[in-house]
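Below, each chain spelled out in residue letters.
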Amino acid sequence: MGSGAVTRSDEGAPFGRAGQARLPWLLVGGASALSLFLLAHPYSGIIHDAELYVGRAMADADPNGLGRDIFFAHEGQSAFSIYPRLSGAFLRAVGAEPGALILTLAGLCAWFAALAVFAGQLAKGRLLWACLVTAAVVPSYYGQLFRYAEPFATPRLPAEALVLAALAALCAGRKWLALSVLLLAALVHPIMAVPGLAVWVLVQAYRDRRWLLLAGGGGAVLVMLAGAAGLPVAERLFQLMDRDWADALSVNAYLFPSQWPDTAWADIVVRSATILVALRFVRLPMARAVLGAIVIVGVLGVALTLLAADLWIVVLIVQAQPWRALWLVCLAGALTFPIAALGLWRRGNAGQVALACLVLGWLASPLSSIGALGAAAALLTLAADRKRPGLFTERARWIGLVAVTILGALVLLQRLLVVLPVWSAKPPGASILTHVWLFWIWTIPVVLAAILLAARRSAVPRAAAARGALVLAVLAAMIWDDRPSFARVATRYQPDSELVRLLPPGQGEILWLRGGATYAWKLVGRPNWASYAQGGSIVFSRDLGMIWRDRMDRLVASGLASEADRFPWAGKPDAILEPTRADIAGFCRAPDAPVAIVVPDDGTVRLPEGLKMRTYRLPAPSQELRMRPEGLGWQSLGQAFVVPCSAERQGGALRGSGAG
């Protein structure tokens, strides 16, 4: 017991003793964990990168309309994945709205199933259940912006599921099956699959160093030779990104780890430390090898990015984004936290002091870089105890436990003080469930309850377990689809007749300002002249980057955008735009100007008097939680103004009554 090793009693069914029938309780435990996973990953519709992939399918069906958008004409990344072809055919067959929902739900279920198989190689019984629950509800950000298990339709979701399935096979000693699955994942999304392939190589090298020479050294030589020969893609290894392209990419700070906030690094340190602690308590040698390889690959991925992307700006390295290996590190950190927690608790005073430090790190890392110090203190505590057993007293243990309790209460209080006012002001039809989980309000008590249940010696009553699983399943079925009212209308990708009537005829580009980055795509099926969404793929296409940067520069110069509009995810509040009539007229005179500007009537854009425009009422109100100058709050939009550019292009004046 003092070593903290997993005991035979931990290997029973999730809600009973080992001698009981396991299958019903595995189903009950699995269903409850899956329900919690879905509740923590609610569906908000076709958002973020799903807009790009679903839009790609709609653009391919309309090459002379939406297909002319600068993003779809130059995006440069679809050729590296089979996903756009498969998902595009499906979306066009069943429709964008239901198709995206089906792809997301199927992807999440497959992802969780793969996670469960992988977790089954690390733990058994109630400890396995606690691992699944923790991985399900802990916020899944890695790096600065991205998340694993994203609840929207992108190829990253199925690729991650395949990687997790491959790692489970690798833990079980099925190395060729694992490699086959990883190669399939690479066809779906190569960037997400490469970390899994690197883990596979390191695990083989751990058993036989010749694999490192063959797969590592030999692979590097082949890539170098291919690049030197000028073969497609590989040649980019010998190309440095020019200054103009690099300047355009600077808005996508997530590509460059040197620009990440301190909290992103603190989270990485805490999760890596958790894996290192958990290694002591995982019994399966191959599982320990896989977990250790995940940490090494994460470190190597970040180091390579800092060197060849941040410093030298090598085109292929910037595009390959080796830092994405952190998705496995951050997931494995959450997955192994219950293993580390129970193992440390059973190691006596030193283990419990280390556990207190580790928990302090988890609690503090979303708020401050101090969280990294807590994780480091946990590792140092274990190292000190190894050298001087008995160094940590009962008093030190109690100090640690009290400190954790106080900090946990303060963190929850701080989060509640932020979220409760937002929740109370939530407009009808708005979505907030995702934000509640991301603020850890439900995460902390759920994880604590799961670990305490795993630590119980007595069996949980069957009826209570079944009722709890049923309640969670019903709750997930009722509220998983958390799309706001506007998203339910806009994501149909069907032209809104009212907006079509107000716009100039034809297929000319539209400029939809501010948050409506893809509204032109969804509501009228026409190209959007420029938006932050189009900047998401400029790392794969210099042509797109140059066009996008030029257009965003012109918008900023004309007072139609601010610097924050280039990258709204940075958390900066929207600046109030006040373009003059001369600004708008000058912008509209350009030969490539859009046929109309759609301006949201949300108080963030102040149009000059006497401007010719018509009022457009949205088919449903749009409610978004945004960072405003006074803090986090709701941004409501019920109507917009359509300003035609055609009059100025034909030599007329932009004058009018201001309503229509």
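Read on for an overview of the structure.

Reading the values: the criteria
Residues numbered from 1 in each chain as written. Predicted model: local features only at pLDDT ≥ 70, side-chain atom pairs only at ≥ 80, totals over all residues. Heavy atoms only, no water. Axes fitted to C-alpha atoms, helices over the stretch in contact; angles between N-to-C directions. Helix = DSSP H or I, 4+ residues; strand = E, 2+ residues; numbered from the N terminus. Parallel < 35°, antiparallel > 145°, perpendicular 65-115°, else oblique. Left-handed = near helix turned anticlockwise from the far one by under 90°. Contact = heavy atoms within 4.5 Å. Salt bridge = Lys/Arg side-chain N within 4 Å of Asp/Glu carboxyl O. Buried < 20%, exposed > 50% of the residue type's maximum accessible area, 1.4 Å probe, protein only. Phe/Tyr/Trp six-rings, centres within 6.5 Å; stacked < 30°, edge-to-face > 60°. Lys NZ or Arg CZ within 6 Å of the ring centre and 35° of its normal.

**Thoughts on the packing of helix α15 (residues 326–345) against helix α16 (residues 348–364)**
In the contact formed by α15 and α16, the axes pass within 8 Å of each other and the chain directions differ by 150°. Relative to α16, the element α15 lies roughly antiparallel. Classified by chirality, the crossing of α16 by α15 is left-handed. Across the interface between the two elements, Gly333, Ala334, Phe337, Ala340, Ala341, Leu344 and Trp345 from α15 touch Gly348, Gly351, Gln352, Ala354, Leu355, Leu358, Val359 and Trp362 from α16.

**Section: the pattern of salt bridges**
Counted by the stated rule, this structure contains 22 salt bridges. Of the charged contacts, one joins Arg156 and Asp49 as a salt bridge, the two residues approaching to 2.8 Å between their closest N and O atoms. You can see Arg156 sitting in helix α7 (residues 156–171) and its partner Asp49 sitting in helix α2 (residues 49–61), a full 107 residues away along the chain. Between Asp592 and Arg554 there is a salt bridge, with its nearest N and O atoms 2.6 Å apart. Here Arg554 lies in helix α25 (residues 542–557) and Asp592 lies in the loop between α26 (581–589) and β4 (596–600), a separation of 38 residues in the sequence. Relative accessible area serves as the criterion here: at 29%, Asp592 is assigned to the partly exposed category.

**Some thoughts on the packing of aromatic side chains**
For the structure on display, the rule yields 21 aromatic pairs. With 5.3 Å between their ring centres and 40° between their planes, Trp260 and Trp265 make a pair best called tilted. When its relative accessible area of 28% is taken as the criterion, Trp265 is described as partly exposed. Their ring planes at 90° and their centres at 5.2 Å tell us that Trp512 and Tyr519 sit as a pair that is edge-to-face. Like Tyr519, Trp512 is buried. An aromatic cluster is defined as three or more aromatic residues linked by ring pairs; in this entry it consists of Tyr142, Phe146, Tyr254, Trp260, Trp265, Trp323 and Phe567. Taking NZ or CZ as reference, Arg147 lies 5.6 Å from the ring centre of Tyr141, over its face.

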